[in-house]
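# Report on the structure
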Amino acid sequence: MRQGTRTFTPIEEYAIVGNLRSAALVSRAGSIDWAPAPFIHSPSVFAAILDPQRGGYWSIAPDRPSRSSQRYLPETNVLCTTFENEAFACEVIDFMPIDASKVPPAVQGQDTGMRIKRKVVCLRGTCTMRTVFAPRFNFARSATTLSLVPGGVAASGSEGERAFLVSPFPLAVSADQQSATGTFSLAAGERCFFVFRYNVDSYHSSSEAPGHHEEDFDRTETFWRAWTRDCEAGVCRFPHLWREEVLRSLLTLKILFFEPTGTVAAAATTSLPEWIGGARNWDYRYVWLRDAAFTFQALFRAGHATEAQKFLQFLVSKASVLEQGGDLAIMYALDGGEVPPEETLEHLEGYEGSKPVRIGNAARDQHQWDIYGSVLEALWRYYRLTGRTAISPERWHLVALLAQRALAVWREPDEGIWEIRDTPRHFTYSKVMCWVALDRALRIARACGVLNAPIAQWKEARDEIRQAILAYGYDSRRQAFVQAFDFPVADASLLLLPSLGFIDGKDPRMRSTIRFIEQELLAPGSSALLYRYQAPDGLGGREGVFLLASFWLADAHYHAGDYDRAHEVMEEVLRHANHVGLFSEELDPATGRFLGNFPQAYTHIGLINSAFLLSNGE
């Protein structure tokens, strides 16, 4: 779809850089088309991915036709975009500086700035490059004006936003003060830096000398490589198959972390559609307790446990609502606050015309009972990984509160893992996760020697939940576990039952469930790509195949003993990664185009878990 002189870039053409507080998407054409500032859940300053004309962008690319490619520097989230033709070759290296010696400040602190650095290197010939700088503050809702200042361009917004583009070459501001452009040339071996600085009162050129930029580059590269090699045991663990895919997935998950609080975003973007032209466009830039728990489980498989410490403290800080008989929210803002109410941005066209563009998320008010089992499963895996035989009173209090809440609500309907906006149901997966909550609380109590746990009560409730699931969540006519009690619809989440320990993967009931799900949910012409479910959900419109479900399918076949089929599924899904190994939430099965928010933590979590299971049997 063409919009004036700029077109929508396919989602799969992007890569991501980040600094553990925010992130930016960089296209293979050298354009930054998405960047919230200063945090992932903040308003955008570049949003051309949602509207090429109004959203704002910052591009650096040759002024002549050339071929482009992208790669990450090994074991890092430093991105290199290469442009070349017969006459020249150059690189644009994008990164957001991280200094491992300085822990990112608390959200309440004074540092709410954000930097993006772009290093341009001429490799061969003479490279003539063009940059266009067109920020648009607050999702393009603030009137943004640019002006020349010594050393670059200042940007100011009508709501007090401010930023600078530090440029080593002269730029020209357009007559309407909406963009700044410049053309510059580099000979072979020459390099320069451009820097975007958000939320600064003034620009001091002394702090932007080339040597300072190179130090930032070295520190950032060192940080990512050190994290890749670091884990609780001192040596990172990787599966013997698909090592590079797992490494890229781990690095992608780390970008989505919000270091000040230890939370993790479900994705870096908002409103990338689950179907082109459709209305299933959601804001995923928050922490879902379920998604965060899944993220930590994936990290634990690779030996990373330190990331869990802050998240545990985050959970403890939310325990007071449980003490008062209330429920945890299913999601929080990354800084621990409430997710803002859902609203639509009518002035933005939406990705390829997919409206509405949403910020905030109305699912924040839903009940999803599976969160208690998700969190307790992650806690159980944490204690297994660290080998701890004791639990602090504070953390045991959290475990007990989570278990008691699962016991209190499991008989109630909810909106489930898929966040339906329809009448609540007795979702089978939610009931299973309430069973998991009590089962893992019992395991933690036993492993950590807790003597004051209501063991008998939890065991009785756990057994009662299991019997209810077997009686009402399994449909004897279809020979399958079904989406909800007495609601005989296939649901991909039920592929997780063996992984959760609820049923043996070789049990005839589970084998027939796998067959039922494949029969009902596999996309035509595919042996691996699954829809989540096909049932009324109050949302309307279509969606693509859900990539995480394919990894669940591989796991289910593995647990069933169908190892060749598990590997077949895994290999088919991996072929859908983009050029730098990233995945979105969904795909159009007919074209392979990415759909949904990007990059999606869920998908990369599934990849990691399946790779370890299929490679190492764990």
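Below or above, wherever it landed, is the structure these notes cover. All values derive from a computational prediction rather than experimental measurement.

## What about the overall build of the protein?
Each helix and strand in the protein was counted, giving 14 helices and 29 strands. Whereas a compact globule of 618 residues would reach a radius of gyration of roughly 25 Å, the protein reaches 25 Å, a difference of no more than 12%. Expressed along its principal axes, the backbone C-alpha trace of the protein runs to roughly 75 × 50 × 45 Å. Burial analysis of the protein (618 residues in total) assigns 63% to the buried set. Across the protein, contacts joining residues at least 24 apart in sequence account for 69% of those joining residues at least 6 apart. Once the 62 positive and 73 negative side-chain charges of the protein are each reduced to a mean point, those two points are 2 Å apart.

## So, the pairing of strand 15 (residues 162-166)
In terms of burial, strand 15 is largely enclosed, as four of its five residues are buried. Where strand 14 (residues 152-157) and strand 15 come together, five bridges link them in antiparallel fashion. Among the inter-strand pairings, Val153 is bridged to a residue of strand 15, identified as Leu165. Taking the residues that link successive antiparallel strands as the turn, the strand 14-strand 15 hairpin has four residues, and the phi of Gly160 there is positive, at about 95°. Where strand 15 meets strand 18 (residues 191-198), four bridges bridge the pair, whose relative direction is antiparallel. Bridging across to strand 18, Phe164 finds its partner in Arg197.

## Here we look at the nonpolar core
Trp58, Phe196, Trp396 and Trp458 are the most contacted members of the largest nonpolar core, which totals 218 residues. For Trp396, the residues in contact, after removing those within four places along its chain, are Ile391, Ala441, Ile444, Ala445, Val450, Asn452, Ala453 and Trp458.

## Some details on the pattern of salt bridges
A complete count under the given rule lists 44 salt bridges for this structure. With a shortest N-O distance of 3.5 Å, Arg280 and Glu543 are connected by a salt bridge. You can see Arg280 sitting in the loop between strand 20 (263-264) and strand 21 (287-288) and its partner Glu543 sitting in the loop between helix 11 (508-521) and strand 27 (545-546), a full 263 residues away along the chain. Take Arg280 and Glu543: they sit in the same class, and that class is buried.

The rules behind each value
Residues numbered from 1 in each chain as written. Predicted model: local features only at pLDDT ≥ 70, side-chain atom pairs only at ≥ 80, totals over all residues. Heavy atoms only, no water. Helix = DSSP H or I, 4+ residues; strand = E, 2+ residues; numbered from the N terminus. Rg over C-alpha atoms; globule rule 2.2 N^0.38 Å. Buried < 20%, exposed > 50% of the residue type's maximum accessible area, 1.4 Å probe, protein only. Contact = heavy atoms within 4.5 Å. Lys, Arg positive; Asp, Glu negative; His and termini not counted. Charge placed at Lys NZ, Arg CZ, Asp CG, Glu CD. Pairing = 2+ DSSP bridges. Core = buried A, V, L, I, M, F, W, Y, C linked by side-chain atoms within 4.5 Å. Salt bridge = Lys/Arg side-chain N within 4 Å of Asp/Glu carboxyl O.

Distances and angles like these do not, on their own, reveal function.
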